[in-house]
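Working through the structure, step by step
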Amino acid sequence: MDIQELYSLIDLDLARSSEKLSEIEKKSVAQVLRVWAHMHPEPGYRQGMHELAARLWKLRSSESCLIALATDTQEPNLSTQSIFHVLLMLEEVESDTYFCFSALANRLIPLYYQSERAGSPALIKAILHRADSDLGAHLQAIQLDWVPILLRWHRLLYMYEFPENTCVELWDTLFAIDSTLQLVPYISTVLLLSHRDEIMNGDYIEVMQLLMHMPDIKIPRKLVELALQLYKNPSASTGAAVATSYGQHPPPPEPSSSRIDLARTMLRDLALGLVSQGANPQPTWSPRSEDRLNAETPNHTEQRKRAMLSLDNVHDHY
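The paragraphs below set out a description of the structure included in this document. Note that this is a predicted model, so its numbers are computed, not measured. (Residues numbered from 1 in each chain as written. Predicted model: local features only at pLDDT ≥ 70, side-chain atom pairs only at ≥ 80, totals over all residues. Heavy atoms only, no water.)

We now examine the overall build of the protein. In terms of helices and strands, the protein carries 18 helices and zero strands. When burial is assessed residue by residue, the protein has 42% of its 318 residues classed as buried. Accessible surface computed for the protein: about 18000 Å², of which carbon and sulfur atoms make up 55%. (Helix = DSSP H or I, 4+ residues; strand = E, 2+ residues; numbered from the N terminus. Buried < 20%, exposed > 50% of the residue type's maximum accessible area, 1.4 Å probe, protein only. Areas by Shrake-Rupley, 256 points an atom, 1.4 Å probe, with all protein chains shown as cover.)

Below, the structure is given as structure tokens:
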């Protein structure tokens, strides 16, 4: 793409941006994107970056300080107002926007450069497998089209999903807790868990409509904090806690391995007690029964079934 084509593409994208900018503001944002594209030829400018740059420009502009600097240069201590003016000068909006956009874009480059990575649900599926396998299985059963959802969620950091105030608070919390943005797929997983009941009861069309038109969230900070918990401990108990915190109904917890071991021990004691009432107080377990009791399987229903079959074998053997 030559320079003229690049400039035309940026101008076209800004003309249809969701952010309402004046012509002067559009020129300023366009300059930010042009300079960044020249400084980063790989991957260069990609569609969607204009939305991030426009939002950052708007936020920085709204915080500009219009207070004049103190004219007395002999004053050893600048006033607080003067300090804020230096930090938030209206004349520096464009350069500050470039700095912020560059820092953010450098972290999001993989999502723009590799579309298959940005839209890939592999990581979210892996998280759901640990946090809520039933929810993950349902999304797979309805053959959810992840690509358009995740491209929009991750490339634009949920800009299209929530109102500006919500998005700003979400960004502030995310950047403060995780400047590397590794929590982004976990935030998406928390969003799924926060609407678990509706998703589990929905078909393909209903779930797609829900995820492409997410309702606003009341406490954006909570979303990031729960994502951090899920990042530290991606387990069924954490997934259930996340879903419950949003008033959802997670699946009942599976029996822990310790409880399975306890049940196995009690079953042995019960079997020995039954046998001791017969002629031979010291039974010899059949090989098939012993194998069934000791065989390890993650399926708890299968474990209980094997245990009951083994108990039946004790009666048959004696």
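In this section: the packing of helix H14 (residues 220-232) against helix H15 (residues 236-245). Two numbers describe how H14 lies on H15: the axes approach to 10 Å, and their chain directions differ by 165°. One way to sum up the angle between H14 and H15 is to call them roughly antiparallel. The two elements H14 and H15 meet at a crossing, and its hand is right-handed. Residues Lys222, Leu226, Gln229 and Leu230 of H14 form the contact with H15, whose participating residues are Thr238, Gly239, Val242 and Ser245. (Axes fitted to C-alpha atoms, helices over the stretch in contact; angles between N-to-C directions. Parallel < 35°, antiparallel > 145°, perpendicular 65-115°, else oblique. Left-handed = near helix turned anticlockwise from the far one by under 90°. Contact = heavy atoms within 4.5 Å.)

The end-to-end C-alpha separation of helix H10 (residues 164-177) is 20 Å, in line with the 20 Å expected for 14 residues at 1.5 Å each. What H10 keeps buried is the set Thr166, Cys167, Leu170, Trp171, Thr173 and Leu174. (Expected span 1.5 Å × (residues − 1).)

Attention shifts here to the packing of aromatic side chains. For the structure shown, the criterion picks out four aromatic pairs. Look at Trp171 and Phe175: their rings are 6.1 Å apart centre to centre, the planes differ by 40°, and that puts the pair in the tilted class. Of the two residues, Trp171 and Phe175 are both situated in helix H10; the distance of four residues between them amounts to about one turn of the helix. Owing to a relative accessible area of 32%, Phe175 belongs among the partly exposed residues under this scheme. The cationic tip of Arg34 hangs over the ring face of Tyr7; the distance from NZ or CZ to the ring centre is 4.2 Å. Taking the ring centre of Tyr246 as reference, the NZ or CZ of Lys222 above it sits at 4.2 Å. (Phe/Tyr/Trp six-rings, centres within 6.5 Å; stacked < 30°, edge-to-face > 60°. Lys NZ or Arg CZ within 6 Å of the ring centre and 35° of its normal.)

For the rest of this paragraph, the subject is the nonpolar core. In this structure, Leu52, Phe101, Leu139, Leu144, Trp153, Leu192 and Leu211 are the most contacted members of the largest nonpolar core, which totals 69 residues. The leading source of residues in this core is helix H5 (residues 93-113), at eight residues. Excluding anything up to four places from it in sequence, Leu192 contacts Ile124, Leu128, Leu135, Leu139, Trp146, Trp153, Ile199 and Leu211. (Core = buried A, V, L, I, M, F, W, Y, C linked by side-chain atoms within 4.5 Å.)

According to the relative accessible area criterion, Trp171 is buried, its value standing at 3%. Once the C-alpha coordinates of Trp171 and Val224 are considered, the two residues, 53 residues apart in sequence, prove to be 9.3 Å apart. Contact partners of Trp171, with chain neighbours within four places excluded, come to Leu52, Arg55, Leu56, Leu156, Leu157 and Met159.

If you trace the backbone, Arg55 turns up in helix H3 (residues 49-62). Assessed through its relative accessible area of 5%, Arg55 is described here as buried. Those residues in contact with Arg55 that sit more than four places away from it in its chain are Glu19, Met159, Glu164, Cys167 and Trp171.

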